[in-house]
Each structure stands twice: as C-alpha cells, then as structure tokens.
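Letter by letter, the chains look like this.
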Amino acid sequence: MAGEGRFVPVADGIESEGGPGLFWYARRDFADFVLHVEWRNYAASDNSGVFIRTPALDADWRPAIEQGYEIQIDDRGFDPETKRTGSALHMSGAVYRLAPASAFASYPVGAWNSFHIMAHGPEISVVLNGTQTARLTRDIGRRRSGHIALQCHHPGSRVRFRRLRIELL
C-alpha cells in the first residue's frame, strides 16, 4: 500500500477506505495485457480508479499518476480543476485526463460493473459493461510496462473490487 488509504477484505472482494493511496501488485510488472476487474460504488460521490503501468511505489503514490495510466471510476465526472461535474475526461471508463469516456456506461449505484482494460504497445482501450468507453491510441511518452494498482481516493469514498484477472498478450 502506498499512501494513507487502505483496502479491507470483505466477503466478496476488497473495499477501499480512507485515502488517498494505491494498493499495488508488487510481485511483477506487466506490459501488454487485458485486465478484467469488477467494481461497485455505494454513493454517486464515490471515486476510485484502476491504475496500470505504474512504477514501483513506496509511501508516495503520486508517481503512478505522473508516469502510469488511471482508468477512472467516478460516475459524476468531477473535474478537480474546474470543480464541475460532467467532464468526459474524468468520467467512469475514461483514461483519466488522456482519453475521454465516449459514453456513460456505468450501472446504477450499488450494482457491479465490469472493466475490460486492454494495454498493447502505446494503445489503451477501456470497455465498461460491454461498451467501449475510451481509447488512447497515441504514444504520450509514458511507460509501456508497470504495475497494476487500485485506488483509495478520499475519506468517505468506498469502492469495492472483485474478480481481478489478467491475460497476457
């Protein structure tokens, strides 16, 4: 765990609490893959993300934001710079600030959602509940391999994760 937040085991997965921080898989990094993740939120204001291709982390989680990629979980699409909701670059299914969500594809609050995240070379594509929501096709100079992490965003935000699996390409 990098940062202040933590994940707690629950009957059907793990759940974020506190924050901010990242729970990252330290045993190895991944280059080209498809990652399957199920998640659910409990309130419209819950915020989280699935990070891919991040560097190894210590207590500081910020290098993951600067060097990796975040697949956003925030059904409001809250833009922290403008303090407004509805931003496609900050909506569930977006590659945070890099590739906007082209559709709102989340199920209602409390229901399980499914991400299929494909990373191959410079391309990253996101499918949320069977709908392609984002696709980054240009090389932006970031890492092409790294670790996978789950985000604790802020105190009071709870997002539950289950059934994580990765298929190497």
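See above for the structure.
Just so it is clear, the structure is predicted and the values come from calculations on it, not from any experiment. (Residues numbered from 1 in each chain as written. Predicted model: local features only at pLDDT ≥ 70, side-chain atom pairs only at ≥ 80, totals over all residues. Heavy atoms only, no water.)

To continue, consider the layout of surface pockets. The volume enclosed by the largest pocket comes to roughly 280 Å³. Forming the boundary of the largest pocket are 16 residues, of which Asn47, Pro80, Tyr96, Gln151 and His153 lie nearest the centre. If you list the elements that add at least two residues to the lining of the largest pocket, you get β7 (69–73) and β11 (147–152). Grouping the amino acids of the lining of the largest pocket by side-chain chemistry returns 7 nonpolar, 6 polar and 3 charged. (1 Å grid on protein atoms, 1.4 Å probe; cavity = no way out; pocket = protein on both sides within 12 Å on 5 of 7 lines; lining within 4 Å. Points joined across faces, edges and corners; volume = space filled by probe spheres on them. Helix = DSSP H or I, 4+ residues; strand = E, 2+ residues; numbered from the N terminus. Nonpolar A, V, L, I, M, F, W, Y, C, P; charged D, E, K, R; others polar.)

The next point concerns the sheet that holds strand β6 (residues 48–54). Read across the open sheet, the 5 strands follow the order β1-β4-β11-β6-β7; overall the sheet is antiparallel. Each end of this open sheet is capped by a strand with a single partner; those strands are β1 (2–3) and β7. Examined bridge by bridge, strand β4 (residues 21–24) and β11 share 4 bridges and lie antiparallel to one another. By the bridge assignment, Gly21 is partnered in β11 with Cys152. (Pairing = 2+ DSSP bridges.)

Taking strand neighbours across the sheet as the criterion, the 7 strands line up as β2-β3-β12-β5-β8-β9-β10 in an open arrangement whose pairing is antiparallel. Both outer strands of the open sheet, β2 (6–10) and β10 (131–136), are each paired with one neighbouring strand and no more. Each adjacent strand pair in this sheet contributes to an overall mean axis angle of 25 degrees, direction not counted. Bridging between strand β5 (residues 33–41) and strand β8 (residues 113–120) involves 7 bridges; their strand directions are antiparallel. Note on β8: the bridge partner recorded for Val34 is Met118. (Axes fitted to C-alpha atoms, helices over the stretch in contact; angles between N-to-C directions.)

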